[in-house]
Amino acid sequence: MFEARLKEAAQQVEAHLTEVMAPLGDLPVVAAMRYASAGGKRLRAFLVMETARLHGVKPEHAIWAATAIEAIHAYSLVHDDLPCMDDDDLRRGLPTTHIKWDECTAVLAGDALQTLGFECVSRPDCHPNAEVRAALTVSLARAAGAQGMVLGQALDIAAETASTPLTLEEITALQAGKTGALIVWSATAGAVMAQADTAPLQRYATDLGLAFQIADDILDVEGDAATVGKAVGKDADAGKATFVSLLGLEGAKAQAARLVAQACEALSAYGDAADALRDAARFVVARDS
Ligand code: GRG
């Protein structure tokens, strides 16, 4: 069921990204936006669509929030790959945006993907209630910005030149911003759109986000990353603390499994209706890219 729903969400969000970018023309910056927002697992879009389904939110509204989060995720990857950040040549098995075009185009494409994301979530198409749209927009700004993803990225960059490696507590806080904040936003969007309690999904997504990052560190160590063309920083990772360096490979796997179990438990109030979200949590630690 999860695979089918993930595929469905991916197809819906890809078609919608194409539609919302259609009026933008064919300048190189727009071509770069289309290129950078193509592909990927679409986990964040799935989380939006699935939590919307769980709360009876219309898919024609939810798709705008799903498109918003995938546009913002794509921007973060474009900027993360730049020479001034992680300096990666490959993303999703293809040349990164600044390699395919140039740095200026990549910076601008990332900027425009970010503003496109905020446009999508604040349009009346996304939700008929202006208060709900405002809540979605404010929470997305916080998740993406200096209290969320940008903060996590800044802490990560600072860690590269720090004299001592990060502690487990510090790396957990860093990743809660860098990777977790957008995942939490995605998984609570359905409840926000239905004006329902977000607390169970908040707990689910916090554990899911952390499990996702631990799985990413495990993937890096187990070397799958290189064979599937996943981005690997040229020099940024040397000597930096990761969940694997702090917990050991087996300890990291055990911690990821504990978090998945805890994430699934957080969904108990939803009963079987949340099975696809439980499968998503298992997928996050079992994935190979
Ligand atoms: C530039 C402000 C700014 C932030 C960048 C998200 C991020 C912060 C950097 C990405 C670096 C990275 C590889 C982090 C590991 C976890 C992660 C977010 C992986 C990419 O997400 P996936 O696996 O990607 O969902 P796909 O390609 O499937 O969409």
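- The name that an unreviewed UniProt entry assigns to the protein chain is Geranylgeranyl diphosphate synthase, with the source organism given as Shimia marina.
- According to its UniProt record, the protein chain has this under Cofactor (unreviewed entry): "Mg(2+)".
- In its Catalytic activity (unreviewed entry) section, the UniProt record describing the protein chain reads: "isopentenyl diphosphate + (2E,6E)-farnesyl diphosphate = (2E,6E,10E)-geranylgeranyl diphosphate + diphosphate".

**Structural notes on the overall build of the protein chain**
(1) Moving on: For the protein chain, the helix and strand inventory stands at 14 helices and two strands.
(2) Moving on: Here the C-alpha atoms of the protein chain give a radius of gyration of 18 Å, agreeing with the 19 Å that 2.2 N^0.38 yields for 289 residues.
(3) Moving on: Seen through its principal axes, the protein chain has C-alpha atoms that stretch 50 × 50 × 30 Å.
(4) Moving on: Burial status across the protein chain gives 43% buried among its 289 residues.
(5) Moving on: Taking all contacts inside the protein chain whose residues are at least 6 apart in sequence as the whole, residues at least 24 apart take part in 74%.

**So, the environment of Pro 200**
(1) Moving on: With respect to the helices and strands, Pro 200 occurs in helix α10 (residues 199–222).
(2) Moving on: With 19 C-beta atoms packed within 10 Å, Pro 200 lands in the partly exposed category.
(3) Moving on: Distance in space between the C-alpha atoms of Pro 200 and Tyr 270 is 9.2 Å, their sequence separation being 70 residues.
(4) Moving on: Apart from the residues lying within four places of it in its own chain, the contact partners of Pro 200 are Ala 266, Leu 267 and Ala 269.

**Some remarks on the site of the ligand**
(1) Moving on: Close contacts around the ligand come from 17 residues, with Gly 40, Lys 41, Ser 76, His 79 and Asp 80 the closest.
(2) Moving on: Looking at the shell around the ligand, the elements that each hand over two or more residues are α4 (59–81), α8 (149–160), α9 (168–193) and α10.
(3) Moving on: Here the shell around the ligand takes five residues from α4, the largest share from any one element.
(4) Moving on: Counted by class, the shell around the ligand contains five nonpolar, seven polar and five charged residues.

**Here we look at the packing of helix α1 (residues 2–21) against helix α3 (residues 43–54)**
(1) Moving on: Two elements in contact, α1 and α3, have axes whose closest approach is 9 Å; the angle formed by their N-to-C orientations is 105°. Here α1 is positioned roughly perpendicular relative to α3, judged by the angle of their axes. Across from Arg 5, Leu 6, Ala 9, Ala 10, Gln 12 and Val 13 in α1, the residues of α3 making contact are Ala 45, Phe 46, Met 49 and Glu 50.

**Thoughts on unusual backbone geometry**
(1) Moving on: In this structure, Asp 87 takes a positive phi of about 55° despite not being glycine.
(2) Moving on: Tracing the sequence through the fold places Asp 87 in the loop between α4 and β1 (90–91).
(3) Moving on: A residue is classified by how many C-beta atoms lie within 10 Å of it, and Asp 87, with 16 of them, is partly exposed.

Cut-offs applied
Residues numbered from 1 in each chain as written. Predicted model: local features only at pLDDT ≥ 70, side-chain atom pairs only at ≥ 80, totals over all residues. UniProt positions renumbered as here; feature names shortened; annotations may be inferred. Helix = DSSP H or I, 4+ residues; strand = E, 2+ residues; numbered from the N terminus. Rg over C-alpha atoms; globule rule 2.2 N^0.38 Å. Buried ≥ 20, exposed ≤ 12 C-beta atoms within 10 Å, placed from the backbone. Contact = placed C-beta atoms within 7 Å. Near = placed C-beta within 6 Å. Nonpolar A, V, L, I, M, F, W, Y, C, P; charged D, E, K, R; others polar. Axes fitted to C-alpha atoms, helices over the stretch in contact; angles between N-to-C directions. Parallel < 35°, antiparallel > 145°, perpendicular 65-115°, else oblique.

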